[in-house]
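# A look at the structure
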2 protein chains.
Amino acid sequence: MPESPIRKLVPYAEKAKASGKVVYHLNIGQPDIETPEVALNAIRNMDRKVIEYSHSAGFESYRKKLAAYYKSIHIDVEAEDIIITTGGSEALTFGFLTTCNPDDEVIIPEPFYANYNGFAVAAGLNVVPVTANIEDGFALPPVEEFEKKITSKTKAIVICNPGNPTGYLYSKEELEKLRDIVKKHDLFLFADEVYREFCYDGAQPFSVMNLEGIDQNVILIDSVSKRYSMCGARIGCLISRNKEVMSSALKFGQARLSPPTVDQIAAEAALDTPASYFDDVVSEYVERRNIMVDGLNSIPGVFCPKPSGAFYCVAKFPVDNAERFCQWLLEDFEFEGATVMMAPANGFYSTKGLGEQEVRIAYVLNQDSLKKAVKCLEEALKVYPGRTVESSKVMSA
Amino acid sequence: MPESPIRKLVPYAEKAKASGKVVYHLNIGQPDIETPEVALNAIRNMDRKVIEYSHSAGFESYRKKLAAYYKSIHIDVEAEDIIITTGGSEALTFGFLTTCNPDDEVIIPEPFYANYNGFAVAAGLNVVPVTANIEDGFALPPVEEFEKKITSKTKAIVICNPGNPTGYLYSKEELEKLRDIVKKHDLFLFADEVYREFCYDGAQPFSVMNLEGIDQNVILIDSVSKRYSMCGARIGCLISRNKEVMSSALKFGQARLSPPTVDQIAAEAALDTPASYFDDVVSEYVERRNIMVDGLNSIPGVFCPKPSGAFYCVAKFPVDNAERFCQWLLEDFEFEGATVMMAPANGFYSTKGLGEQEVRIAYVLNQDSLKKAVKCLEEALKVYPGRTVESSKVMSA
C-alpha cells in the first residue's frame, strides 16, 4: 500500500507546530463547517437501550428516507437500490469486489482521490490512469484516450464528480461520452458523487444515475461525510439498479454485519437538514474558493484553474518540485509566525512523473485563515531556493 | 460469496412471523443485554459541534485507555500496538491484507465463524479447514492434523477463543501446541478473543498475546460488540507487537480514513463499565447456558457438549438433515403458537458434508424464552418426519 499523499508530510507539520509555528492545514478535506443541529440532536436524544446491529444494508427507515432524498434531487431510486455502507470507502470496496476479479483493471482519470488506489489494491485490482490536464482545467480526457486503455481485463471506469482533487464538474455532455464508452465495452461506471451539494456559480451537477441506456452498468457511491460535515460518521452508501450487483454487494455487507448504528442514526436525522444550511455553506465555500483561487492566480507564476465544485483545487507552482516545496514550507519557512501545509499532487497521479509542480489544496478553513495562507505562499515563493521560471497557463507540465 | 448460515432461513422466519407464530431466535448472536449506561450517556452527552474524522488508528485517548484495560487483564500492550477498526470484521480484513497475498492459505479449525470465509474471500485467500469434532466437545484437533495441511502457501492459523460457534475455550496447553506449530513454520497466529469476558465455571481465558516466543507472529482481534452488548457500534481493534504488521495495517486504515467517531466515543466510555456489570452478565449467561444445554441433552437423541465460554453451542440432532429440520421448524411446526429458529451448522464447516446433523444455537434470549424454545424443540422432535434413530455422544457424524 502506498502512503497517502495527504499524510506524507505529517511528521514535518508536527515538528513545525512543536517549534511554535501556526500551520494552515490546506492538506486535508475535513471541513470546519458545523454538523447540522438535527443530526447532533438525534445523537443526544438517542433512546435505545442496546446498541444493536442494524440490517446489513442499513436501517430500512434510513434507506426509505434516503430514496426520498434522491427523488427530491431527481435521482429516481428505491430503498432496495441502496445499501448503507461504512463510508463511501466501503461502498467502493464492495463495488469493486462485486464487479471485478483479482487482476482486473479499472480506468480512472488522473489526478484522482488517492485512496481509490488503496481500495483497488485491497480488491487485487490494477488502476489504469487516463490523464487529465491542468491546462484544460482537468476536463474529461478525449474518448480516444479511454479507448486506448481498454483491454479484456477492463471492468470499470471510476469517476468522482464534482472531483476530488480537482474540483472539476463534468458536464452532461462529458458524462454522455463516458456513457457511450461504457455501453460499447459493457463496463461498469462508478461515480463518486459525494460533493454533489457543493456546486458553484449556478452549475448543476448531472448524476450518472440519469444517463440513459446504461441502467445496469451504473454504480453510485455516496456519503454523508462532506454533505453534512460529518466525515467521522463513516456513513455512505452504494446505489445501483442492477439487482445482481446489489445482491452480491449485500453478501459482503452481511460478512461485516452492519454499518455503525449510532452514526447511522445521526445520518438519518441529517436528512432533515433545512435547505438554508446548504445555501449558507455554498455561499461560504464560494467565498473561500474565490479567496484561494483568485489569490493563487494573483501570485506571479502560479496557475490554478477555477473549479465549479467540491472544495479542492489543484494549483501549479513555479517550483522545482512541489513535494520539496511543501516540505520546505513546513521545515524552513515562516511568515509572521505561520506557514502552510498542502498535499503534493504527484500522489494523486498514478503515472509516475506527473504533477511534480502541482499541489492539491482543500479550502476548508475560514476566510481569514485562507487569506493569510495565500499571503504566506506569496511570500514563500519570493524566497524559496528551488523557485523556477514562471509556470503559467501556457506552460505544459 | 457464500450466503451466511445465520441468514439462510430468514425468508422462512419472516413467513412464520407473518402467519402469527412466535419465533424464538436462537440463530443470531445479538445479545438482549443492555449496553452499559456509561456508554449510552457518553453518546447523550456528546458536546462536539463537528463529527470529524478521528485518527486513522482511532482516537489516541481511546487507544491509551484500551492499553490500560489490556494491562488490567494481564495483556501487556501499549497504545501504539493497537489500531481501532470498524468492528472485529475490519480488524481481521486488515490483518489478512497485511500478512497474506492473494492465493495464500489460512488454516482454521472448523466449525468456525462463517464470516471468516467472507473476509478471506475478500482478501483473495483460501481457507483450509482442520476439523474439530463434536464428540470431543470441539477441542483443538491434534497437531498432526495441522501439520498435514501446511504448505508453502500457508501464511496463518486463525482461531476464535472462546469459540463461535462452539463455545469451546482452548486451554493454555492447547494454545502452546499451536504456538509450537506457528513457530516451527513461521506462520501468523490470529486470535479472535472477543468473547474473553464470557467464560464460565471459573474457567480463565488464556490470551495468545501471552504465548512465549512468538511475539512477532501473534495478531489479536478484538471488539466491543459482545463485551458491552454494543454490536451495532462496529468498533473493534487489531493488536500486534509486530511493528511491520502495524505499519502496513495502518495504511489500509488510512485508505478508509477512520473508524466511526460517535460509536468510538461510546466504546471509549464503555471502558468505565463497572465490574459488577460483567458479574451480572456472566451469571445470567451461565443460567441461560444451563437451561439450553442441559435442556437439549435431556431430549432423547440430542447431544450438546457443554461449552465454557461465549454464548453459543453446537448441538447434534437426531434428524436426517439439520437444515431441513430448521426450515421445517419455521414452515410446518408450532407448539403453543411458537417455534424456534436455529442456524444449521453445515454453514460453519468448510468441508462439504460435515455438520449435517448439527445446529448452532445462540443462547441470547431471556431464560423464560429459552425454556420455551427447548420445550418447542422437544415437541418438534416427536413429530418431525425426518427424525432418525438416536444421535448420541457415541455416534459419529
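Residues numbered from 1 in each chain as written. Chains lettered and ligands numbered in written order. Predicted model: local features only at pLDDT ≥ 70, side-chain atom pairs only at ≥ 80, totals over all residues. Heavy atoms only, no water.

### Side note on the overall build of chain A
This is how the line gets drawn: Each helix corresponds to a stretch of at least 4 residues labelled H or I by DSSP, and each strand to a stretch of at least 2 residues labelled E; elements are numbered beginning at the N terminus. Here the radius of gyration uses the C-alpha set of atoms, whereas the globule reference equals 2.2 Å times the residue count to the power 0.38. Exposure categories follow from relative accessible area, calculated using a 1.4 Å probe and restricted to protein chains: below 20% of the type maximum is buried, above 50% is exposed, and the middle band is partly exposed. Note on contacts: a residue pair is in contact if any heavy atoms of the two residues lie within 4.5 Å.
For chain A, the count of helices and strands is twelve helices and twelve strands. In terms of C-alpha radius of gyration, chain A reaches 21 Å, essentially the compact-globule figure of 21 Å for 397 residues. Counting only residues that meet the buried cut, chain A has 65% of its 397 residues in that class. Look at the contacts in chain A between residues 6 or more apart in sequence, and 77% of them connect residues 24 or more apart.

### Topic: the relation of the copies chain B and chain A
Rules: Superposition of the copies was done by least squares, using only C-alpha atoms of residues whose pLDDT is at least 70 in both.
Once chain B is rotated about the relating axis by 180° and shifted along it by 0.0 Å, it coincides with chain A to within an RMSD of 0.0 Å. Taken together, these values place the two copies in the relation of a two-fold axis. Residue Arg 44 of chain B of chain B places its C-alpha closer to the rotation axis than any other residue of that unit, at 2.0 Å. When the interface residues of chain B are mapped onto chain A, 100% of them again fall at the interface, so both copies present the same face.

### Some details on the packing of helix H8 (residues 243-255) of chain A against helix H5 (residues 115-122) of chain B
Here is the rule we go by: For helices, the fitted axis covers only the stretch in contact; all axes are lines through C-alpha atoms, and the angles between them, taken along N-to-C directions, range from 0 to 180 degrees. Comment on the angle field: the value is read as roughly parallel under 35 degrees, roughly antiparallel over 145, roughly perpendicular from 65 to 115, and oblique elsewhere. Put simply, a crossing is left-handed when the front helix is turned counterclockwise from the back one by less than a right angle, and right-handed when it is turned clockwise. Classes in brief: Ala, Val, Leu, Ile, Met, Phe, Trp, Tyr, Cys and Pro nonpolar; Asp, Glu, Lys and Arg charged; the others, Gly included, polar.
One can describe the packing of H8 of chain A onto H5 of chain B by two numbers: an axis separation of 9 Å at closest approach and a directional angle of 120°. On the basis of their axis angle, the class for H8 of chain A and H5 of chain B is oblique. Where H8 of chain A crosses over H5 of chain B, the handedness of that crossing is left-handed. Note on element contacts: H5 of chain B touches H8 of chain A through Asn 115, Gly 118, Phe 119 and Ala 122 of chain B, opposite Phe 252, Gln 254 and Ala 255 of chain A. Split into classes, the residues belonging to the contact of H8 of chain A with H5 of chain B amount to four nonpolar, three polar and no charged.

### Topic: the nonpolar core
We apply this condition: Nine residue types can take part in a nonpolar core, namely buried Ala, Val, Leu, Ile, Met, Phe, Trp, Tyr and Cys, and a core is a set of them joined through side-chain atoms within 4.5 Å.
Counting 314 residues, the largest nonpolar core has Leu 296, Phe 317, Phe 325 and Met 342 of chain A together with Phe 317, Phe 325 and Met 342 of chain B as its most contacted members. The contact partners of Phe 325 of chain A, leaving out residues within four places of it in the chain, are Phe 317, Val 319, Met 342, Leu 377, Ala 380, Leu 381 and Tyr 384 of chain A.

### A closer look at the sheet that holds strand S12 (residues 358-362) of chain B
Residues and elements named next belong to chain B. Quick reminder of the rule: Strands are treated as partners if at least two bridges between them are detected by DSSP.
Strand order across the open sheet formed by three strands is S9-S12-S11, with antiparallel pairing between neighbours. Looking at strand neighbours, the two that pair on one side only are strand S9 (312-316) and strand S11 (343-344), the edges of this open sheet. Pairing of S9 with S12, which is carried by five bridges, proceeds in the antiparallel orientation. Bridge pairing in S12 places Val 314 opposite Arg 360.

Note that all results are geometric; they support no functional claim without further evidence.
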